[in-house]
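Chain and residue survey
Listed here are the chains, written in short residue letters.
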Amino acid sequence: MTVLVYEDFGTGRHREASLIRHALGSAHDEELIAGLAGGIGFMYFVFEYSGRAPIATIVAQAHPEPWVQVALRRLHVPYDATRATKPRWGRVRAALDGGQPAFCVVDRASLPWHGADADGDAEMIGADPHTIVIAGYDGDDLLIEDGAEAPYRIDREEFGAAWTAHRKGRHQLIVPTGPPEGEPDVDGAIAATVTRLTGPVLGNHFDVNFGFTGMEKLAAQLRDGTTRTGWERRFGGSAEHFRAGTGRLYACLEEEWTAPGATRPLYADFLDLAGRPEAAALLRDSAGHWSRLADLARTAEPDSDAAQRRALFDECAEQVDRSLELERRAVALL
């Protein structure tokens, strides 16, 4: 017997917002859900591993709070959140039999339709929280929503291995249990976005990598031509490293952990819904600069010479500066 609790699949503008929207019966706009879940943010780190190119990572959406729980809470949708030492298949099946989808956080690289990424970043991406929805089952197979136009089919035990592999989200199960019990908390969501951009976010020394200070750090390291943390030394010394750095800039601003344009256009639409058109307009302008930066990175020639790379890094830093100035004005309005 096949049990499928909804039939609306596929990613709109943002993967996680689409997951939440479908799981709730598409009763809310994707823009509203994305804004309530946190909308925009900024995190910038460069991870270094022996024997390989550094990995630049930007998270342009709200982070590190989990999108699903935050969105459900601000929508006032009741839910059960449980953790266990092993997969609780009985709870999963009971939720689905009751018409409720089940959100899980898994190791992305352990899912067969993702696997190890071709660019060699599997150890980073696989360790990052990757939310999916168990939307149904067919015997011992689970039907998984993960951004495609139809659910993926996976054996329960193989899915269990992916569910176990991500330690921070191991066997976490989030099940909505009823309809909304109040109006969406739009003002609270906007206030949280302001705090996320102005800081502190974590309350420790890593806060310099978040929000506006994270943007300042990115611009400074793009311009830095002398120290080991500057982009010229980290990513400008070889075609391999240059391609790794520029590839990550594009992916992180347009494709991964974001909606296109560093999530800014999607959040601007949320602000329009919330009656904040002036701030929305500023963020759309900022999105143009983030996308310009991403396009510069995407079209950069790996075989360019040192002078061309220096010019590219400087132009990228200029785009960050322009976005930062616009977003400071937007936050002042919010």
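Read on for an overview of the structure. (Residues numbered from 1 in each chain as written. Predicted model: local features only at pLDDT ≥ 70, side-chain atom pairs only at ≥ 80, totals over all residues. Heavy atoms only, no water.)

1. Things to note about the pairing of strand β8 (residues 152–155)
Here is the key point about a regular strand: its side chains alternate between the two faces of the sheet. The pairing of strand β7 (residues 141–145) with β8 spans 4 bridges and is classified as antiparallel. For Asp141, the partnering residue across the bridge sits in β8 and is Asp155. (Pairing = 2+ DSSP bridges. Helix = DSSP H or I, 4+ residues; strand = E, 2+ residues; numbered from the N terminus.)

2. Digging into helix α10 (residues 239–254)
Given a rise of 1.5 Å per residue, 16 residues ought to cover 22 Å, and the 22 Å separating the end C-alpha atoms of α10 matches this to within 8%. Those residues of α10 lying buried are Phe242, Gly245, Thr246, Arg248, Leu249, Ala251, Cys252, Leu253 and Glu254. (Expected span 1.5 Å × (residues − 1). Buried < 20%, exposed > 50% of the residue type's maximum accessible area, 1.4 Å probe, protein only.)

3. A word on unusual backbone geometry
Of note, the amide linkage connecting His63 to Pro64 takes the cis form, showing an omega dihedral of 10°. Checked against the element boundaries, Pro64 lands in the loop between β3 (55–61) and α3 (67–75). The amide bond that connects Gly199 to the next residue, Pro200, takes the cis arrangement and shows omega of -5°. If you trace the backbone, Pro200 turns up in the loop between α7 (186–198) and α8 (211–223). Positive phi is not limited to glycine here, since His171 has a value of about 60°. Tracing the backbone shows His171 in the loop between α6 (156–165) and β9 (173–176). Although it is not a glycine, Thr263 sits at a positive phi angle of roughly 70°.

4. Looking at the pairing of β9
Taking every second residue as pointing to the same face, both faces of β9 are buried, with Leu173 and Val175 on one and Ile174 and Pro176 on the other. In terms of strand pairing, strand β4 (residues 79–82) meets β9 through 4 bridges, oriented antiparallel. Across the sheet, the residue bridging to Thr82 is Leu173, located in β9.

5. As for the pattern of salt bridges
A complete count under the given rule lists 21 salt bridges for this structure. Of the charged contacts, one joins Glu216 and Arg328 as a salt bridge, the two residues approaching to 2.5 Å between their closest N and O atoms. In this pair, Glu216 is assigned in helix α8 and Arg328 in helix α13 (residues 306–333), connecting sequence segments 112 residues apart. Under the relative-accessibility criterion, Glu216 is labelled partly exposed at 36%. In this structure Arg328 comes out as partly exposed when scored by relative accessible area, which is 37%. (Salt bridge = Lys/Arg side-chain N within 4 Å of Asp/Glu carboxyl O.)

6. A few points about the side chain of His14
Relative to the elements of secondary structure, His14 occurs in the loop between β1 (2–4) and α1 (15–23). Residues contacting His14, with those up to four places away along its chain left out, are Glu30, Gln61, Trp67, Thr258, Ala259 and Leu266. (Contact = heavy atoms within 4.5 Å.)

7. Comments concerning the environment of Arg243
Checked against the element boundaries, Arg243 lands in helix α10. Taking the C-alpha atoms as reference points, Arg243 and Ala300, separated by 57 residues in sequence, lie 8.2 Å from one another.

8. So, the packing of aromatic side chains
Applying the stated criterion across every chain yields a total of 13 aromatic pairs. Ring centres of Trp89 and Trp163 lie 5.6 Å apart, and the angle between their planes is 55°; on these two criteria the pair is classed as tilted. Of this pair, Trp89 sits in helix α4 (residues 89–97) while Trp163 sits in helix α6, and the two are 74 residues apart along the sequence. Trp163 shares its class with Trp89; the two are buried. Connected via pairs of aromatic rings, a cluster forms that spans Phe45, Phe47, Phe206 and Phe210. Directly above the ring of Tyr137 sits Arg93, whose terminal nitrogen or CZ lies 4.0 Å from the centroid. (Phe/Tyr/Trp six-rings, centres within 6.5 Å; stacked < 30°, edge-to-face > 60°. Lys NZ or Arg CZ within 6 Å of the ring centre and 35° of its normal.)

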